[in-house]
Amino acid sequence: MPVGDVQIPVIGNDMVIPLLVVPHILIAAFVIGINLIGAFSELTGVITKKAHYDRFARASARFTLLLFAVGSALAFTFLLSLITLYPIFFSQLMNIFFWVFLAEAFMFVGEVIMVYAWYHSWDRMAYRKNLHVVFGLVGGLFGLTQMIFIDVVASYMLTPSTAQATNVGWTFFNPTYITLNLHRFVGNFSYAGFLIAGWAAWRYLRVTREEEREYYDWMGHWGIVWGFGFLLLQPFMGYGYMTEIKAASPGAFEYLMLGPKSWLFNLLTIEILVMAAGSVLYCLHKLNFAVKPMPRLRKATMGALGLTTLFGLLNTIPADGYLVPQIGLVFGERVDPNISLAARPPISLGAMYPWKYIGLIGIALVGVFALSLYLKAAATGFHWGRASRWSQYLLITTAVTVVFTMMTMGYARETARRAGNGKDDGWLIYSCLTLQEQKFVGKGCPEQPRETP
Amino acid sequence: MGSWELALLPPLLRFFLTLFLILIITGGTVLLLYWIGWGEEE
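Residues numbered from 1 in each chain as written. Chains lettered and ligands numbered in written order. Predicted model: local features only at pLDDT ≥ 70, side-chain atom pairs only at ≥ 80, totals over all residues.

S.K.: Looking at this model, I keep getting lost on the overall build of chain B. Mind explaining?
M.R.: Looking only at helices and strands, chain B features 2 helices and 0 strands. A burial count over chain B gives 5% of its 42 residues as buried. (Helix = DSSP H or I, 4+ residues; strand = E, 2+ residues; numbered from the N terminus. Buried ≥ 20, exposed ≤ 12 C-beta atoms within 10 Å, placed from the backbone.)

Below, the structure is given as structure tokens:
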């Protein structure tokens, strides 16, 4: 018997959780990313003695503080909803992961103390910069560790370990734990980087003073270097993550890759195309303002832009015309979700092997090439404050796209648990605890699940 | 309890309404903080 039987009208119980979690994660991931980027920026400022790094780091600390409270409040409201709407599920999570939640809570405490100390001691410790940088870095590490703890729960829900609840090690190290951490670690930097670039672009378009234009032009560059640089690692991290899901929860994998929710990954390829091609195009534009003109380097970047677009477009070709069955957007023959890698789907250019591999590896390698050229030019210097308006619109486009990418991928991970338990049901813990009735089925559960009587 | 179930929107509409609300909450938060921080050193 459930503890309570609360029914939320209009949007239903299922939708309350994403309504609170998605804004939370959009803010929390940004907080972790900007905290670390800000701390590294301050460190770079200490080393290079350039004032804009320090100005940016200070703004980062201020932003972290402003957003932290809202992010935490949403997390708390989410937990409240989870306890009320899914009491059996939450009780099971607490049985297994009490220490994780407790440790995570203390990470929040540590993070907030360090970030407050970091921000408020900026002027006071102006002559003890090396120590001051440590405050920011430790604050960022607390945030990162907090993510590492909650990933235990997040990965367990999709690929639960069958170890007993008391076997702490094996419940922690479930199949996707490591790969999810790597994927999110890289993602935080990339997400925050693109948002910094978008924010800088917005400010650049509005300010009038020359020194402000120079600063925000530089900030757009700084953001895109982090955003694009870390984005290039994501195809490999994401591939590793999906491989683990395929091995541990094959039903969820098929549901996402070739089943009813494959549109999420088709959408992802479009988002990757926009972010990658947008970043290379921005780099190409910035090369016009290199202090030392580099025509050959610019031509090579132009080639890189062509290849990035080509590889990106190759990725966007779907395997079949069965695009979004939920809204009836379906054409022609549907691909068999159990298809082997070597078999041909209805649209042969949409096959994973070899085309998607070529596209993903290609986009990453060409991106590394383009970014290296750009950084080489950046090392000799740019004339700041001269970037065109459209290059700033490009940065804003990548920032909007990265927000939707986060939402697409977050939704993908959670909706994967809709697979393998009938049409209208799903799993709260994959192959273990059902979504609608919160019943343990035993298969994927710990050996002795503690069912509520 | 029956009346609660009657008040539920169809799944697709619930999805899009939630998506809309997520964008409003997140966007609203950012805009509010932007407004609060307006005029200060950035």
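S.K.: Any chance you could explain the overall build of chain A here in plain terms?
M.R.: Each helix and strand counted, chain A has 13 helices and 4 strands in total. Relative to its length of 453 residues, chain A is compact, with a C-alpha radius of gyration of 23 Å against a globular reference of 22 Å. Over its C-alpha atoms, taken along the principal directions, chain A stretches across nearly 70 × 60 × 40 Å. Evaluated residue by residue, chain A yields a buried proportion of 47% over its 453 residues. (Rg over C-alpha atoms; globule rule 2.2 N^0.38 Å.)

S.K.: Whenever I open this one, the interface of chain A and chain B confuses me. Can you help?
M.R.: Interfaces are often sized by the amount of accessible area the parts lose when they come together. Counting residues at the interface gives 18 residues for chain A and 18 residues for chain B. Here the side of chain A that touches chain B gets 8 residues from one element, more than from any other, and that element is helix α1 (residues 12-48) of chain A. Broken down by class, the residue content of the side of chain A that touches chain B amounts to 15 nonpolar, 3 polar and no charged. (Contact = placed C-beta atoms within 7 Å. Nonpolar A, V, L, I, M, F, W, Y, C, P; charged D, E, K, R; others polar.)

S.K.: Explanation requested: the packing of helix α2 (residues 51-85) of chain A against helix α3 (residues 87-120) of chain A in the structure shown.
M.R.: The relative placement of two packed helices comes down to the angle between their axes together with the axis-to-axis distance. Residue and element names in this part refer to chain A. At a minimum axis distance of 12 Å, the contact between α2 and α3 shows a crossing angle of 165°. In terms of axis orientation, α2 runs roughly antiparallel to α3. Handedness of the crossing formed by α2 with α3: left-handed. Of α3, the residues touching α2 (which contributes A61, R62, T64, L65, F68, S72, L82 and I83) are P87, F90, F108, V112, V115, Y116, W118 and Y119. When its residues are assigned to classes, the contact of α2 with α3 shows 13 nonpolar, 2 polar and 1 charged. (Axes fitted to C-alpha atoms, helices over the stretch in contact; angles between N-to-C directions. Parallel < 35°, antiparallel > 145°, perpendicular 65-115°, else oblique. Left-handed = near helix turned anticlockwise from the far one by under 90°.)

S.K.: Explanation requested: the nonpolar core in the structure shown.
M.R.: Inside soluble globular proteins, nonpolar side chains tend to come together where they are buried. All names here are of chain A. Counting residues in hydrophobic clusters, the biggest one holds 135 residues, and the most contacted among them are F30, A192, L195, I196, A200, A252 and L395. For this core, the leading source of residues is α1, giving 18 residues. Once residues within four sequence positions are removed from consideration, F30 is found in contact with L67, Y191, A192 and L195. (Core = buried A, V, L, I, M, F, W, Y, C linked by C-beta atoms within 7 Å.)

S.K.: Just to check I follow, could you spell out helix α7 (residues 210-231) of chain A for this structure?
M.R.: Every α-helical turn comprises 3.6 residues, leaving residues that sit three or four positions apart pointing alike. If you check α7 of chain A, its first and last C-alpha atoms are 31 Å apart, about what 22 residues at 1.5 Å a residue would give, namely 32 Å. For α7 of chain A, a buried count of 16 out of 22 residues is recorded, marking the element as mostly surrounded by other parts of the structure. (Expected span 1.5 Å × (residues − 1).)

S.K.: What is the right way to read unusual backbone geometry from this model?
M.R.: Most peptide bonds take the trans configuration, and most residues that are not glycine carry a negative phi. Residue and element names in this part refer to chain A. Residue P354 follows Y353 across a cis peptide bond; omega there is 0°. Locating P354 in the fold gives a position in helix α12 (residues 352-380). Phi is positive for V10, which is not a glycine, with a value near 65°. Secondary-structure assignment places V10 in the segment before α1. Its 13 C-beta neighbours within 10 Å are what place V10 among the partly exposed residues.

S.K.: What is the right way to look at helix α11 (residues 295-316) of chain A in this model?
M.R.: Residues and elements named next belong to chain A. Taking 1.5 Å as the rise per residue, α11 with 22 residues should run 32 Å; its terminal C-alpha atoms sit 32 Å apart, in good agreement. Of all the residues in α11, the buried ones are T301, A304, T308, F311, G312 and N315. Viewed end-on, α11 has its buried residues packed into an arc of 100°, placing them on one side of the element. Away from its buried face by more than 90 degrees, α11 exposes P295, R296, K299 and G303. Each element contacted by the buried residues of α11 is listed here: α10 (263-286) and α12. (Arc of directions from axis to C-beta.)

S.K.: What should I look at first to understand the packing of α1 of chain A against helix α2 (residues 11-36) of chain B in this one?
M.R.: Across the interface, α1 of chain A lies against α2 of chain B with an axial gap of 9 Å and an inter-helix angle of 30°. As judged from the angle between their axes, α1 of chain A and α2 of chain B are roughly parallel. At the point where α1 of chain A passes α2 of chain B, the crossing takes the right-handed sense. Seen from α1 of chain A, the contacting residues are G12, M15, P18, L19, V22, P23, L26 and I27 of chain A; seen from α2 of chain B, they are R14, T18, L21, I22, I25, T26 and T29 of chain B. Taken together, the residues of the contact of α1 of chain A with α2 of chain B break down into 10 nonpolar, 4 polar and 1 charged.

S.K.: Explanation requested: the environment of L32 of chain B in the structure shown.
M.R.: Inspection of the secondary structure puts L32 of chain B in helix α2. Classification of L32 of chain B by C-beta neighbours within 10 Å gives exposed; the count is 12.

S.K.: What exactly am I supposed to notice about the environment of M409 of chain A here?
M.R.: Locating M409 of chain A in the fold gives a position in helix α13 (residues 389-415). Considered as a pair, M409 of chain A and L268 of chain A are 141 residues apart in the sequence and their alpha carbons are 7.8 Å apart.

S.K.: What is the right way to read the confidence of the model for chain B from this model?
M.R.: Detailed reading of predicted coordinates is not advised where the pLDDT is low. For chain B, the average pLDDT comes to 82, and 76% of its residues sit at 70 or higher. Across the interface, the model reports ipTM at 0.87; the global pTM reads 0.94. (pLDDT = per-residue confidence, 0-100.)

S.K.: Is there a simple way to explain the environment of T408 of chain A in this structure?
M.R.: All names here are of chain A. For T408, the position within the fold is in helix α13. By the C-beta count within 10 Å, which is 17 here, T408 ends up partly exposed. It is 11 Å that separates the C-alpha atoms of T408 and T269, two residues lying 139 residues apart in sequence. Here T408 is in contact with L264, L267, L268 and E271, once residues within four sequence places are set aside.

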